[in-house]
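# Topology and contacts: notes
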Amino acid sequence: MANIIEKRTLLRMGHPILLKSAEPIQEFGTLWLRDLADDMFAAMHAEKGVGLAAPQIGESVRIIVLAYPDPDNKRGIPPIPATVLVNPVLTFVGDEQEEDWESCLSVPGLIGKVPRYKNLRYDGCDMDGNPVNGEVEGFHARILQHECDHLDGKLYPTRIINSVSFGFKEEIEMAREMGVL
């Protein structure tokens, strides 16, 4: 059973909405779009996530939210401000990729090692239709790729190269501590 989060249900792997490409947002500045973004942030924060795509809460439209405040900088990762990106388009800068561990609110309890491009440029709009763009790297680039995959009906397990690097979080962490992974 899916978790109930504020007004919306968080969908899990296998749900048909998560398997199809989302439609572009056509109307900007609407109350519906603002409410959707608010619901997305609420769902993301309730589950302690760092990103969320609209299909994950049942809306098959091209909008993502992300935020990684990390005020104590415990992980040594630069903070990511609360961001709403509508109709995002990613362009990879260079060919360099890196594999790292990912999890997903729609694939609860599991983690996997996923290759992603290290650097990218993003273009899109804010909720009012104003252009938004930038270049990011590392963790920020990884989150954008992960969330944009949701907009194309892909979940991170489909990107895992070595199935040994996929499993339940507790068991994977134990294997890593034992030096098996």
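In this text the structure is predicted, and so the values were computed from the model without any measurement. (Residues numbered from 1 in each chain as written. Predicted model: local features only at pLDDT ≥ 70, side-chain atom pairs only at ≥ 80, totals over all residues. Heavy atoms only, no water.)

Across its full length, the protein carries three helices and 10 strands. In sequence order, the protein lays out its α and β elements as β-β-α-β-β-β-β-β-β-β-α-β-α. With the principal axes as the frame, the protein shows a C-alpha extent of 50 × 40 × 35 Å. Of all 181 residues assigned to the protein, the portion counted as buried reaches 44%. In the structure as shown, the protein presents an accessible area of about 9800 Å², 51% of it carried by carbon and sulfur atoms. (Helix = DSSP H or I, 4+ residues; strand = E, 2+ residues; numbered from the N terminus. Buried < 20%, exposed > 50% of the residue type's maximum accessible area, 1.4 Å probe, protein only. Areas by Shrake-Rupley, 256 points an atom, 1.4 Å probe, with all protein chains shown as cover.)

Per the counting criterion, the structure on display carries 11 salt bridges. Between Asp39 and Arg8 there is a salt bridge; the shortest N-O distance is 2.9 Å. Residue Asp39 is found in helix 1 (residues 31-46), and its partner Arg8 is found in strand 2 (residues 8-9); the two are separated by 31 residues along the sequence. Two residues, Lys118 and Glu96, come together in a salt bridge whose shortest N-O distance is 3.6 Å. Here the residue Lys118 occupies a position in the loop between strand 7 (107-117) and strand 8 (119-125), and Glu96 occupies one in the loop between strand 5 (80-92) and strand 6 (97-104), the gap between them amounting to 22 residues. A relative accessible area of 46% places Glu96 in the partly exposed class. (Salt bridge = Lys/Arg side-chain N within 4 Å of Asp/Glu carboxyl O.)

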